[in-house]
Amino acid sequence: MADAAGATAVVYIGLGANLNNPARQVEHAIGELAALPQSRLGAVSRLYRTAPLGPQDQPHFVNAAVRLDSALTPPALLEALQGIECAHGRVRDGRRWGPRTLDLDLLLHGDLNSRQPGLTLPHPEIHRRAFVLVPLLDIAPPTLLVPGQGVLAELLRRCGDDGIEPLAADTYGSGVPPRAALS
Ligand code: ADP
Ligand code: MG
């Protein structure tokens, strides 16, 4: 459902996976995000291999970020993201920072700075997570303001990039639309 004005917002979504062929989970999810109603996929970051947060007895993650232009409201978008997570067999076992087939976080929704039950915007951990900031910088200007947190390039400078590296493009499939084809 569009918001009252039917306005389109620039939205950034973070993707992560560390089970069942994580690169493929992420690629398929990008295709599913591209197919969301009232939304258009604007840009796709590279895929990155990153160390897990918290419990270390789990595989490395694959992380990425995408930009959508979307007329969906934030709650409608979060519901759609959780639907895609479920379709990927995500099981929430209550273990914080545990392994998952797919995690989709609504990072930014335009310039919204709001806290509602179950949905905080921007996502409250952006500034602490290299695995979010580095992919974001692939697809957003360094001057992007993360409301309440700061400017993207400065957040990354403070957080550090953890030395995370993109996956070589030829080690994963071709499910991601070529970035050159996106505006
Ligand atoms: P995490 O992503 O922190 O590992 P989950 O994916 O299990 O954990 O999310 C936990 C809860 O975070 C979700 O039930 C969701 O309601 C809430 N949440 C709050 N703000 C956001 C946001 N901006 N994006 C995604 N989930 C959010
Ligand atoms: Mg999440």
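Presented here is a report on the structure given in the accompanying data block. Since the model is a prediction, treat every value here as computed from it, not as a measurement.

Definitions and cut-offs
- Residues numbered from 1 in each chain as written.
- Chains lettered and ligands numbered in written order.
- Predicted model: local features only at pLDDT ≥ 70, side-chain atom pairs only at ≥ 80, totals over all residues.
- Helix = DSSP H or I, 4+ residues; strand = E, 2+ residues; numbered from the N terminus.
- Rg over C-alpha atoms; globule rule 2.2 N^0.38 Å.
- Buried ≥ 20, exposed ≤ 12 C-beta atoms within 10 Å, placed from the backbone.
- Core = buried A, V, L, I, M, F, W, Y, C linked by C-beta atoms within 7 Å.
- Contact = placed C-beta atoms within 7 Å.
- Expected span 1.5 Å × (residues − 1).
- Pairing = 2+ DSSP bridges.
- Axes fitted to C-alpha atoms, helices over the stretch in contact; angles between N-to-C directions.
- Parallel < 35°, antiparallel > 145°, perpendicular 65-115°, else oblique.
- Left-handed = near helix turned anticlockwise from the far one by under 90°.
- Nonpolar A, V, L, I, M, F, W, Y, C, P; charged D, E, K, R; others polar.
- Near = placed C-beta within 6 Å.

So, about the overall build of the protein. The helix and strand tally for the protein stands at 4 helices and 10 strands. Mapped in sequence order, the helices and strands of the protein form the string β-α-β-β-β-α-β-β-β-α-β-β-α-β. In terms of overall dimensions, the protein is globule-like: its C-alpha atoms have a radius of gyration of 15 Å, near the 16 Å expected for 183 residues. Once the C-alpha set of the protein is aligned to its principal axes, its extents read approximately 45 × 40 × 35 Å. Buried positions account for 34% of the 183 residues belonging to the protein.

This brings us to the environment of Ala-43. You can see Ala-43 is positioned in strand 2 (residues 39-44). Since 16 C-beta atoms lie within 10 Å of it, Ala-43 is described here as partly exposed. With 24 residues separating them in the primary sequence, Ala-43 and Arg-67 have C-alpha atoms 5.1 Å apart.

Formed by 40 residues in total, the largest nonpolar core has its most connected members in Ile-13, Ala-65, Val-66 and Leu-107. Looking at this core, the elements that each hand over two or more residues are strand 1 (9-17), helix 1 (22-34), strand 2, strand 4 (61-70), helix 2 (74-87), strand 5 (103-109), helix 3 (130-139) and helix 4 (152-159). If one sorts the elements of this core by residue count, strand 4 sits on top with 6 residues. Beyond its immediate chain neighbours, meaning those up to four positions away, Val-66 contacts Ile-13, Ile-30, Leu-33, Leu-41, Ala-43, Val-44 and Ser-45.

This part takes up helix 1. Its 13 residues give helix 1 an end-to-end C-alpha distance of 18 Å, which sits within 8% of 18 Å, the value for a rise of 1.5 Å per residue. By the burial criterion, the buried members of helix 1 are Pro-22, Gln-25, Val-26, Glu-27, Ala-29, Ile-30 and Leu-33. Lining the buried residues of helix 1 we find strand 1, strand 2, strand 4, helix 2 and strand 5.

Glancing now at the pairing of strand 5. With 6 of its 7 residues buried, strand 5 lies for the most part within the structure. Of the pairings in the sheet, the one linking strand 1 to strand 5 comprises 6 bridges and is antiparallel in character. Note that in strand 5 the partner of Gly-16 across the bridge is Asp-103.

On to the packing of helix 3 against helix 4, then. Contact geometry of helix 3 with helix 4 gives a least axis separation of 10 Å together with a crossing angle of 140°. As judged from the angle between their axes, helix 3 and helix 4 are oblique. Note that helix 3 runs across helix 4; the crossing there is left-handed. Touching Ala-130, Leu-133, Val-134, Leu-136 and Leu-137 of helix 3 are Leu-152, Leu-155, Leu-156 and Cys-159, all from helix 4. Of the residues contributing to the contact of helix 3 with helix 4, the split by class is 9 nonpolar, no polar and no charged.

Attention shifts here to the site of ligand 1. Leu-78, Arg-92, Asp-103, Asp-105, Leu-106, Gly-118, Leu-119, Thr-120, Leu-121 and His-123 make up every residue found near ligand 1. Of all elements in the fold, only strand 5 and strand 7 (119-121) reach the threshold of two or more residues within the shell around ligand 1. Residue composition of the shell around ligand 1, grouped by class: 4 nonpolar, 3 polar and 3 charged.

Function cannot be inferred from these measures alone, as they are strictly geometric.
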